[in-house]
Amino acid sequence: MQIILGVFFHFIGGFASGSFYIPYTKVKGWAWESYWIVGGLFSWLIVPPLAAWLTIPDFGQIITHTSGSILWITYFFGILWGIGGLTYGLGVRYLGVSLGSSIILGLSSVFGALLPSVYYDFFPKAGKDTFSNMILSSWGQMVILGLFICIVGIIICGKAGMDKEKDLAKLKEAEKKEAHQSTEFKIGLGLIVAVISGILSSCFAFGIDSGKDMAHEANQLWKTLHPGDGEFLYQNNVTYIIILWGGLTTNLFWCMVLNFRNKTFKDYSNTKTPLLSNYIFCALAGTTWFLQFFFYGMAESKLGNGASSWILHMAFIILVANVWGLVLKEWSAVSKKTLFTVLTGIAFIILSILIVGYGNSIK
């Protein structure tokens, strides 16, 4: 029953993550950097402490009890993840929900399982697996195999993206509009951004691992008050606050730079745009984004395996994002060959995630 609940919570979280960008497509008259940071304020600043306040009594005291070194490394990985989150938005902007999410999340899922092991090779810690141990173990070899298959899938998806660009070039402008194709589709820039995003986005998993002492304290406090009731569902909510401060730092800085460079500060008060609906859609997008990790924490408390939880979470996001890609007709104007190519690439990425998940499950 615990495993079923864990998988169900991962599905809800994956649905939230795979769907969060949809409200942004309803924002009218604003530059990307404007609606991204307004939504981000809800994702990284407003909703996380609200969720912690609702679920963890005196969560602030847990943070003050935590050593500065743990807070700093957790925040630092939040900064790195923030760069990944920032480029995620750009990747989806230039590649579309389906292709962009598949490449970014495929990389993020595999590297999210690998990065902690590489770190512990340089900074050993009792009870933590190193990359050297992975190479010499059967479970580690499975994870590395999954990484290789993921790279193959990404190459295939990249080929599909180039084919899509060629297909769109053959269409007349009227046909593009009818097929709802984005005029911002840029395969070269999109792939570069997607690779950067995929690698750095995996730092969120490492941030959770680095800040686990806070989650453990929340868990122990809850167990003291509720003996015999199992693990605390919301223990990770306090850790998210620190990680997301790092993400906010990165995104706020860059979006302000873009606002200044592009002279788009006026977006926030431009009465020629539907201001109320824009703010509502940004708030909806930001809140939906955070819900992915709210349910991720619940799922991990049931499954009890951080790496496998990360992999399963990413698998559901990829599946949901690709369903949205079909709903939004991102591939409606391409040839059957191109569509088959991208589906093949996505299948490779999902297979790689399952292999990595299996490798971690037999560890």
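The structure this text deals with has already been given above.
Calculation notes
- Here the residue numbers are simple positions, counted from 1 along each chain's written sequence.
- In keeping with the predicted nature of the model, local features appear solely for residues at pLDDT of at least 70, side-chain atom pairs appear and are counted solely at 80 or more, and the whole-chain, interface and lining totals rest on all residues.
- Water and hydrogen atoms play no part in the side-chain values, which are based on all heavy atoms of the structure.
- To qualify as a helix, a DSSP run of H or I must reach at least 4 residues; to qualify as a strand, a run of E must reach at least 2; elements of each kind are numbered from the N terminus.
- Burial classes: relative accessible area under 20% of the type maximum marks a residue as buried, over 50% as exposed, and values in between as partly exposed (1.4 Å probe, protein chains only).
- Any two residues whose heavy atoms approach within 4.5 Å are treated as being in contact.
- Residue exposure ignores everything except the shown protein chains as possible cover, and the areas themselves are Shrake-Rupley values with a 1.4 Å probe.
- For this count, His and the chain ends are skipped, Lys and Arg are scored as positive, and Asp and Glu as negative.
- Only one rule defines a salt bridge in this text: a Lys or Arg side-chain nitrogen within 4 Å of an Asp or Glu carboxyl oxygen.
- For the purposes of these results, a polar contact is taken to be a pair of N or O atoms within 3.5 Å, where, inside protein, one atom must be able to donate a hydrogen and its partner to accept one; residues adjacent in sequence count only when each atom of the pair is a side-chain atom.
- Here a helix's expected span is defined as the number of its residues, less one, multiplied by 1.5 Å.
- The directions from the helix axis to the C-beta atoms form the arc being described.
- Interaxial angles span 0 to 180 degrees and are taken between N-to-C directions of axes, which are lines fitted to C-alpha atoms, for helices over the stretch in contact.
- Roughly parallel here means an angle under 35 degrees, roughly antiparallel means over 145, roughly perpendicular means 65 to 115, and every remaining angle is called oblique.
- All amino acids are sorted into three groups, where Ala, Val, Leu, Ile, Met, Phe, Trp, Tyr, Cys and Pro are nonpolar, Asp, Glu, Lys and Arg are charged, and the leftover types, Gly among them, are polar.
- If you view the pair so one helix is near and one far, a crossing is left-handed when the near helix is turned anticlockwise from the far one by less than a right angle, and right-handed when it is turned clockwise.
- Grouping into patches uses exposed residues only, defined as over 30% relative accessible area, and leaves out salt-bridged ones; the cut-off is 9 Å for like charges and 5 Å for nonpolar side chains (Val, Leu, Ile, Met, Phe, Trp, Tyr).

Caption draft 1: Structural context of the overall build of the protein chain. For the protein chain, the helix and strand inventory stands at 15 helices and zero strands. For the protein chain, the residues scored as buried account for 54% of the 363 residues in total. A sequence separation of at least 24 residues applies to 82% of the contacts in the protein chain between residues at least 6 apart. Accessible surface computed for the protein chain: about 16300 Å², of which carbon and sulfur atoms make up 71%.

Caption draft 2: Representation of the side chain of Asp267. Position of Asp267 relative to the elements: it lies in the loop between helix 12 (237-262) and helix 13 (275-303). Among buried Asp, Glu, Lys and Arg side chains, Asp267 stands out as unpaired, with Lys266 the closest opposite charge at 5.2 Å. Reaching out from Asp267, the side chain makes a polar contact with the side chain of Ser34 at a distance of 2.8 Å. Those residues in contact with Asp267, other than ones at most four positions away along the chain, are Gly29, Trp30, Ala31, Ser34, Thr273 and Leu275.

Caption draft 3: Structural detail: unusual backbone geometry. Positive phi, normally seen in glycine, also occurs at Asp58, with a value near 55 degrees. One non-glycine residue with positive phi stands out, namely Lys263, at about 55 degrees. Relative to the helices and strands, Lys263 resides in the loop between helix 12 and helix 13.

Caption draft 4: Looking closely at the side chain of Thr288. Within the fold, Thr288 resides in helix 13. Not counting chain neighbours up to four residues away, the residues in contact with Thr288 comprise Ala16 and Phe20.

Caption draft 5: Highlighting helix 11 (residues 212-225). Look at helix 11: 20 Å from first C-alpha to last across 14 residues, which is about the 20 Å you get at 1.5 Å a residue. Here helix 11 has its buried residues at Lys212, Met214, Ala215, Ala218, Asn219 and Trp222. Along helix 11, the residues classed as buried sweep out an arc of 160 degrees about the axis, all on the same side.

Caption draft 6: A look at the packing of helix 4 (residues 68-95) against helix 10 (residues 203-210). Where helix 4 contacts helix 10, the axes come no closer than 8 Å and their chain directions differ by 170 degrees. As the angle between them shows, helix 4 and helix 10 are arranged roughly antiparallel. Of the residues in helix 10, those in contact with Ile70, Ile73, Thr74, Phe77, Leu80 and Trp81 of helix 4 are Cys203, Phe204, Phe206, Gly207 and Ser210. Taken together, the residues that form the contact of helix 4 with helix 10 break down as eight nonpolar, three polar and no charged.

Caption draft 7: Summary view of the packing of helix 2 (residues 32-55) against helix 4. Interaxial distance between helix 2 and helix 4 falls to 12 Å at its minimum, and their mutual angle equals 135 degrees. As judged from the angle between their axes, helix 2 and helix 4 are oblique. Once helix 2 is placed against helix 4, the crossing between them reads as right-handed. Note on element contacts: helix 4 touches helix 2 through Trp81, Gly85, Leu86, Gly89, Leu90 and Arg93, opposite Trp32, Trp36 and Trp44.

Caption draft 8: Inspection of a nonpolar patch on the surface at higher detail. A cluster of nonpolar side chains, Leu45, Ile46 and Trp245, forms an exposed patch at the surface whose accessible area comes to about 270 Å². Counting through the fold element by element, Leu45 comes out in helix 2. Of the residues examined, Leu45 reaches a relative accessible area of 38% and is grouped as partly exposed.

Caption draft 9: Fine view of the environment of Val320. Along the polypeptide, Val320 turns up in helix 14 (residues 306-327). Overall, Val320 belongs to the buried group, its relative accessible area being 8%. Sequence separation between Val320 and Phe15 is 305 residues, and the spatial gap between their C-alpha atoms is 5.8 Å. If we ignore the near neighbours within four places in the chain, the residues touching Val320 are Gly14, Phe15, Gly18 and Ser19.

By themselves, these observations are geometric and do not establish any function.
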